[in-house]
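Each chain, letter by letter, is given below.
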Amino acid sequence: MTGKALLPELWTEILVPVCAVVGIAFSLFQWYIVSGVKLTADRGASSESEDGKNGNEDYLIEEEEGVNDQSVVAKCAEIQTAISEGATSFLFTEYKYVGVFMVLFAAIIFLFLGSVQGFSTKSQPCTYDKTTTCKPALATAVFSTISFVLGAVTSVLSGFLGMKIATYANARTTLEARRGVGKAFIVAFRSGAVMGFLLAANGLLVLYITINLFKIYYGDDWEGLFESITGYGLGGSSMALFGRVGGGIYTKAADVGADLVGKVERNIPEDDPRNPAVIADNVGDNVGDIAGMGSDLFGSYAESSCAALVVASISSFGINHDFTAMLFPLLISSVGILVCLITTLYATDISEIKAVKEIEPALKNQLIISTVIMTAGIAVVSWIGLPSSFTIFNFGTQKVVKNWELFLCVAVGLWAGLIIGFVTEYYTSNAYSPVQDVADSCRTGAATNVIFGLALGYKSVIIPIFAIAVSIFVSFSFAAMYGVAVAALGMLSTIATGLAIDAYGPISDNAGGIAEMAGMSHRIRERTDALDAAGNTTAAIGKGFAIGSAALVSLALFGAFVSRAGVQTVDVLTPKVVIGLLVGAMLPYWFSAMTMKSVGSAALKMVEEVRRQFNTIPGLMEGTAKPDYATCVKISTDASIKEMIPPGCLVMLTPLIVGFFFGVETLSGVLAGSLVSGVQVAISASNTGGAWDNAKKYIEAGASEHARSLGPKGSEPHKAAVIGDTIGDPLKDTSGPSLNILIKLMAVESLVFAPFFATHGGFLFRIFS
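Residues numbered from 1 in each chain as written. Predicted model: local features only at pLDDT ≥ 70, side-chain atom pairs only at ≥ 80, totals over all residues. Heavy atoms only, no water.

(A) Broad picture of the packing of aromatic side chains. Taken as a whole and judged by the stated rule, the model has 32 aromatic pairs. Their ring planes at 35 degrees and their centres at 5.7 Å tell us that tryptophan 31 and tyrosine 168 sit as a pair that is tilted. Of the two residues, tryptophan 31 is situated in helix H1 (residues 9-34) and tyrosine 168 in helix H4 (residues 137-176); the sequence distance between them amounts to 137 residues. A relative accessible area of 39% places tryptophan 31 in the partly exposed class. Both rings, one in phenylalanine 317 and one in tyrosine 482, keep their centres 5.9 Å apart while their planes meet at 75 degrees; by these two values the pair is edge-to-face. Note that phenylalanine 317 is positioned in helix H8 (residues 316-319) and tyrosine 482 in helix H15 (residues 462-492), a separation of 165 residues in sequence. We classify phenylalanine 317 as buried; its relative accessible area is 1%. Of the residues examined, tyrosine 482 reaches a relative accessible area of 0% and is grouped as buried. These aromatic residues form a ring-pair network of at least three members: Phe101, Phe105, Phe112, Phe148, Phe242, Phe660, Phe661, Phe753, Phe756, Phe757 and Phe763. The ring centre of tyrosine 168 lies 3.9 Å from the NZ or CZ of arginine 172, which sits over that ring. Geometry around phenylalanine 323 places lysine 215 over its ring, the cationic atom sitting 3.7 Å from the centre. (Phe/Tyr/Trp six-rings, centres within 6.5 Å; stacked < 30°, edge-to-face > 60°. Helix = DSSP H or I, 4+ residues; strand = E, 2+ residues; numbered from the N terminus. Buried < 20%, exposed > 50% of the residue type's maximum accessible area, 1.4 Å probe, protein only. Lys NZ or Arg CZ within 6 Å of the ring centre and 35° of its normal.)

Here you go:
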């Protein structure tokens, strides 16, 4: 019936870890090049050896304008140290709390899964094939707990390393901006690539090693082996949730406080060193946008791999013990690392940025090139890594699938990701009419700006939803739930490039802040602003990818959960499922309400503190006295640590409570409901916030006749735009991005606890029936 894959098992065993090691080596190489930019006043230091490339023939602007070079570099180094120390101390504080949670939740996993068979150590008949025996439930409990901890630690490490790289690169980007915009772009982009490749390669390597170590115990029981591997995805995503929510509250409390008092009330520029919240704001970019995003995309990657592996283990790959075909999801990711490596070299070493207007196209080309090359890569992997025909588990039956059909599943996910990315860009970049219309609406004040921005966000949901719907239909038609899982992996296969583009944004944002605080010339600030505006759009594209992939991942996990829990069909007409659907659809709103209010109350404290300092510190506005940055950093830290716990508990406890008290059918309703409403709310929130931010930047830059008619900074339309941007901050950086974690985290958690729910679930219904 089914053959073997062309690629021998030994080659697979070598290929996956080698690709991961190549990814890690490449990221270290990029880091080495970035470190060539010295934070000392050395005239000749530069990250590129070849003179005349990327604007190196520019003189240092400071020398033209007679600013003391030595003092500027020293100031940049001092500010960078302050940002780095703030970010590190916040993450350590956050990880202390998250560590306690990790230990408690690991204990819950062990107790719940161990109790399925009453902690028995006897072998049992397998769930899907009763004629064979599998390892005891206690083994699943132990190994699921281990993989949960491994996923959690890898996720935390991904976020932390990303933050370290970003805080290392921000001042170096500022200093390179003196040589030209091309120079600064390359430093920021290389630093983003360090994070992208480290994360993609680490995630792949840890998962690969875990599978091989677990195989020593499990032997031929692949069903049990890959069921226990799902803990890896749960660990990754649960840490990402706290990182995203905590970091998001931190960054936006500082940002809103700094903007409202500094820009609107005191009329001082963004990132002005006189503003007490300015260091907290720049720290926030690193802990929210970088550390949070890193953990988030690692979680998506881990979960889509786990979902695919679970379904494959009960399909012909697992039954025939075809290891190469079984590791098809890991092969996709391995090829993805190599493809992204070629794409990154194109940006850093082949193409050249000479002018500001070339920045955004260069970043978009990264997405297009990686997608085109990856399509060819997937075709090769599908041809050599899969048998020509095989069967896939489809809710109790085995469906015959050809290898070219699986290639189409992955490709449709990959291209859907690109479409979502470009639609997001259209709605959030100030080069296109939607954002320009929002900027234009600022003529009549903040209210019309808010109305236009909300409308834009709702409208921007339409095409991404169709793209997700088409990819679900195509992939499910060809290869059932396995098809949906590999479509999600297709979307995430170019994760290294996606993350490089995404991390580039906050690094450029920080570079602009450092230029302003160090008192560098306005021409340098213009260059960093241009980098930052492109970064804003690419950050929105990154969020689009994260949300789109979360929808597919969540559906694949949902399918695996339904199969594992023994639910034959999810019937929407039964009351058990309907109540689940309604409650599930409500959860994203409850969660958003919690996170928005947290940002609001933290921002309130921040605004009061910034006002107090302006009113009570003599000489602060004149620039003769220094503000107390540390108090503002403390307000943000305390607020985010305290406020991240309730939303985190809501997401983590809901599946446990619903599954135990109401059973698997109601839980399947909750998962479906949260997926359907969560995706819509997440896309609209992210795009509304991104559009308001870029509408403000459009007015500030004054690049066109239309923009100049709305400016300059400090004009009434500009003040209206700042208010819109401030409202959008928690939408685009706290609620929106955290929602994609909500939908996939509840699904993966349900899958991990499925054996427990199938045995002990529906407690209330059993009492009353």
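Once you've had a look at it, read on.
(B) Here's a closer look at the pairing of strand E4 (residues 397-402). As paired strands, strand E3 (residues 389-394) and E4 are joined by six bridges and run antiparallel to one another. Considered in E4, the bridge of serine 389 is made with lysine 402. Joining the antiparallel neighbours E3 and E4 is a turn of two residues, in which phenylalanine 395 adopts a positive phi near 45 degrees. (Pairing = 2+ DSSP bridges.)

(C) Geometry of the nonpolar core. If you look at the biggest cluster of nonpolar residues, it comprises 228 residues, and the most contacted ones within it are Phe185, Ile359, Tyr482 and Phe561. At 22 residues, helix H5 (residues 181-218) tops the list of elements feeding residues into this core. For tyrosine 482, the contacting residues outside a window of four places in its chain are Ala308, Val311, Ala312, Phe317, Ala325, Phe328, Pro329, Ile392 and Leu406. (Core = buried A, V, L, I, M, F, W, Y, C linked by side-chain atoms within 4.5 Å. Contact = heavy atoms within 4.5 Å.)

(D) Focus on the packing of helix H6 (residues 222-265) against helix H20 (residues 645-662). The contact between H6 and H20 brings their axes to 10 Å, and the two run at 155 degrees. As judged from the angle between their axes, H6 and H20 are roughly antiparallel. The chirality of how H6 crosses H20 is right-handed. Contacts between H6 and H20 involve Ser238, Leu241, Phe242 and Val245 on the former and, on the latter, Pro647, Gly648, Val651 and Met652. Grouping the amino acids of the contact of H6 with H20 by side-chain chemistry returns six nonpolar, two polar and no charged. (Axes fitted to C-alpha atoms, helices over the stretch in contact; angles between N-to-C directions. Parallel < 35°, antiparallel > 145°, perpendicular 65-115°, else oblique. Left-handed = near helix turned anticlockwise from the far one by under 90°. Nonpolar A, V, L, I, M, F, W, Y, C, P; charged D, E, K, R; others polar.)

(E) Layout of the pattern of salt bridges. A full pass over the atoms with the stated rule returns 31 salt bridges. Of the charged contacts in the structure, one is a salt bridge between glutamate 227 and arginine 564, with a shortest N-O distance of 2.5 Å. With glutamate 227 in helix H6 and arginine 564 in helix H17 (residues 522-564), this pair connects stretches of sequence that are 337 residues apart. Like arginine 564, glutamate 227 is buried. When salt bridges that share partners are traced, they join Lys252, Asp255, Asp532, Lys543, Asp693, Lys696, Lys697, Asp725, Asp729, Lys732 and Asp733 into one network. (Salt bridge = Lys/Arg side-chain N within 4 Å of Asp/Glu carboxyl O.)

(F) Looking closely at a nonpolar patch on the surface. There is a patch of nonpolar side chains on the surface, built from Phe110, Leu111, Phe119, Val142, Ile146 and Leu150 and spanning about 450 Å² of accessible area. Broken down by secondary-structure element, the contributors of at least two residues to the nonpolar patch are helix H3 (69-114) and H4. Among the elements that take part in the nonpolar patch, H4 stands out by supplying three residues, more than any other. Here phenylalanine 119 lies in the loop between H3 and strand E1 (124-125). Exposure remark for phenylalanine 119: the relative accessible area of 37% places this residue in the partly exposed category. (Patch = residues over 30% accessible without salt bridge, like charges linked within 9 Å, V, L, I, M, F, W, Y side chains within 5 Å. Areas by Shrake-Rupley, 256 points an atom, 1.4 Å probe, with all protein chains shown as cover.)

By themselves these figures say nothing about function.
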